[in-house]
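Breakdown of the fold
The chain contents come next:
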Amino acid sequence: MKSYRVAVVGATGAVGNEIIKTLAQRNFPVASLKLLASERSLGKSFSFQDKSVPVEVLREDSFKDVQIGLFSAGGSLSEKFAPIAVKAGCVVVDNTSAYRMDPDVPLVVPEVNPEAIARYPKKGIIANPNCSTIQMVVALKPIYDAVGIKRVVVSTYQAVSGTGMKAIEELSRQTRALMAGEDAVVNVYPHRIAFNCLPQIDVFTENGYTKEEMKMINETKKIFNDDAIAVTATTVRVPVFYGHSESVNIETIKKITAQEVKDLLAKAPGVRVVDDPASRVYPLAIDAAGQDETFVGRIREDESIAHGINMWVVADNLRKGAALNAVQIAEILAQKYL
């Protein structure tokens, strides 16, 4: 089996760390692994394939002989270094928002639109969608194919790991402080996150939505290649370490029953149906953490409209919402295109 020279950009961040684990767990055919980060990470190393791999400083000459670059170091760094990597002969799978809405860059969720990967040669870049978008479209895809989707209303309950390591540490510190009767210090978010919910993820735009909400709206349309889908979103940060949860209301074009949705999702790739309300069984963030699947439950018909379905969608935002999705794209690249 052919193997590939791979670089992970942003290797020491929460997502980069997860990418390294995922490459190993899925036995991706890695001939060599280069770990790239800022100068602050010099001296760090990670174990991969029973070897210690040192972290190197990201530079313009870092991509010589690299075939696949998995980027997760922030939008500005991707904007600068992705074209440099492509020029050096590397195909970039970018986990930031830098290229998601570029019409020449495919935005891919392998369970939903793997065929879009074929368009990567235009810029040499494939974009990973936003974490909250990924898990939602994985759950929507079988329904979209079966009966069409007219409108989606989604409210998210997003873990702090979506912000990164500093947010994980802040929730931990604030929780310990409050339990000890001390004041909670706020640095990462606009307000205290411990024992609180923040209805703001990213900055507000002129229309009153946040950037995170607009990502979900615009990315969903692009992934399905369907501007006719009406999408509205409210995204909320909650005091959970790992795992995003979403309340998703769907208005379908044709009628579909809750049981038919359950049957469709039970056969869908990347989905696990967890839905037995009588036994109080439904998807939980703590159960999804560390898992690859998108969990779906609380599937029921919306009695307020003729063609409505409600469901609860949960996934590990660092796994399927970021690292796993990127590695799955790399796997398809390796199998079909490189």
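So, here is what we can say about the structure in this document. Bear in mind that the values here come from a model prediction, so they are computed numbers and not experimental data. (Residues numbered from 1 in each chain as written. Predicted model: local features only at pLDDT ≥ 70, side-chain atom pairs only at ≥ 80, totals over all residues. Heavy atoms only, no water.)

**Notes on the overall build of the chain**
Check the secondary structure of the chain and you find eight helices and 13 strands. In terms of overall dimensions, the chain has C-alpha extents of about 60 × 55 × 40 Å along its principal axes. Across the 338 residues of the chain, 52% fall into the buried class. For the chain, the exposed area adds up to about 15300 Å²; of that, 50% sits on carbon and sulfur atoms. (Helix = DSSP H or I, 4+ residues; strand = E, 2+ residues; numbered from the N terminus. Buried < 20%, exposed > 50% of the residue type's maximum accessible area, 1.4 Å probe, protein only. Areas by Shrake-Rupley, 256 points an atom, 1.4 Å probe, with all protein chains shown as cover.)

**Looking at helix α2 (residues 75–87)**
For α2, built from 13 residues, the straight-helix expectation of 18 Å at 1.5 Å per residue is met to within 8% by its first-to-last C-alpha distance of 18 Å. Of all the bends in α2, the greatest, near 35°, is centred on Phe81, and the proline Pro83 appears no more than four residues after it. Every buried residue of α2 is listed here: Ser78, Phe81, Ala82 and Ala85. Contact partners of the buried residues in α2: β5 (68–71), β6 (91–94) and β7 (125–127). (Expected span 1.5 Å × (residues − 1). Bend = angle between axes of the 7 residues up to and from the residue. Contact = heavy atoms within 4.5 Å.)

**Some thoughts on the sheet that holds strand β11 (residues 271–273)**
Spatially, the six strands line up as an open sheet ordered β9-β8-β10-β13-β12-β11, and their pairing is mixed. The open sheet has two edge strands with one neighbour each: β9 (230–237) and β11. Averaged over all pairs of adjacent strands, the angle between strand axes in this sheet comes to 20°, irrespective of strand direction. Relative to strand β13 (residues 308–315), strand β10 (residues 244–252) runs antiparallel, the two sharing eight bridges. Counterpart to Ser245 in the pairing with β13 is Val314. (Pairing = 2+ DSSP bridges. Axes fitted to C-alpha atoms, helices over the stretch in contact; angles between N-to-C directions.)

**A closer look at the nonpolar core**
Of all hydrophobic cores here, the largest spans 50 residues; its most connected members are Leu140, Val248 and Met311. Counting residues per element, this core draws most heavily on helix α3 (residues 131–147), which supplies eight residues. Setting aside residues no more than four positions away along its own chain, Leu140 makes contact with Ile149, Val152, Phe224, Val248, Ile250 and Met311. Core analysis: the second largest hydrophobic core is formed by 37 residues, Val30, Ala37, Val53 and Val93 among them. (Core = buried A, V, L, I, M, F, W, Y, C linked by side-chain atoms within 4.5 Å.)

**Thoughts on the pairing of strand β12 (residues 294–301)**
One ladder, built from three bridges, connects β11 with β12; its direction is parallel. Residue pairing in the sheet places Val273 in a bridge with Val296 of β12. Of the strand pairs in this sheet, β12 and β13 are connected by five bridges, and their pairing is antiparallel. Residue pairing across strands places Phe295 opposite Val314, the latter belonging to β13.

**A few points about the packing of α3 against helix α6 (residues 258–266)**
Close contact between α3 and α6 brings their axes to 9 Å; oriented N to C, the two are set at 115°. Classified by chirality, the crossing of α6 by α3 is right-handed. Of the residues in α6, those in contact with Ala139, Pro142, Ile143 and Ala146 of α3 are Val261, Leu264 and Leu265. (Left-handed = near helix turned anticlockwise from the far one by under 90°.)

**Regarding the pattern of salt bridges**
In total, this model carries 13 salt bridges according to the counting rule given. Here Lys123 makes a salt bridge to Asp102, at a shortest N to O gap of 2.4 Å. Residue Lys123 is found in the loop between β6 and β7, and its partner Asp102 is found in the loop between β6 and β7; the two are separated by 21 residues along the sequence. Through salt bridges with shared partners, a single network forms among Glu18, Asp292 and Arg319. (Salt bridge = Lys/Arg side-chain N within 4 Å of Asp/Glu carboxyl O.)

**Quick look at the packing of aromatic side chains**
This structure, assessed with the given rule, holds five aromatic pairs. Ring geometry for Tyr4 against Phe28: centres 6.4 Å apart, planes inclined by 45°, an arrangement best described as tilted. Taken together, the positions of Tyr4 in strand β1 (residues 4–9) and Phe28 in the loop between α1 (14–25) and β2 (30–37) put the pair 24 residues apart, joining distant regions of the chain. As far as the burial class goes, Tyr4 and Phe28 line up, both buried. Pairing Tyr120 with Tyr337 gives two aromatic rings, centres 6.1 Å apart and planes at 75°, and the pair type is edge-to-face. Of this pair, Tyr120 sits in the loop between β6 and β7 while Tyr337 is found in helix α8 (residues 319–337), placing the two residues 217 residues apart along the sequence. When its relative accessible area of 12% is taken as the criterion, Tyr120 is described as buried. (Phe/Tyr/Trp six-rings, centres within 6.5 Å; stacked < 30°, edge-to-face > 60°.)

Keep in mind that these numbers describe shape and distance, not what the molecule does.
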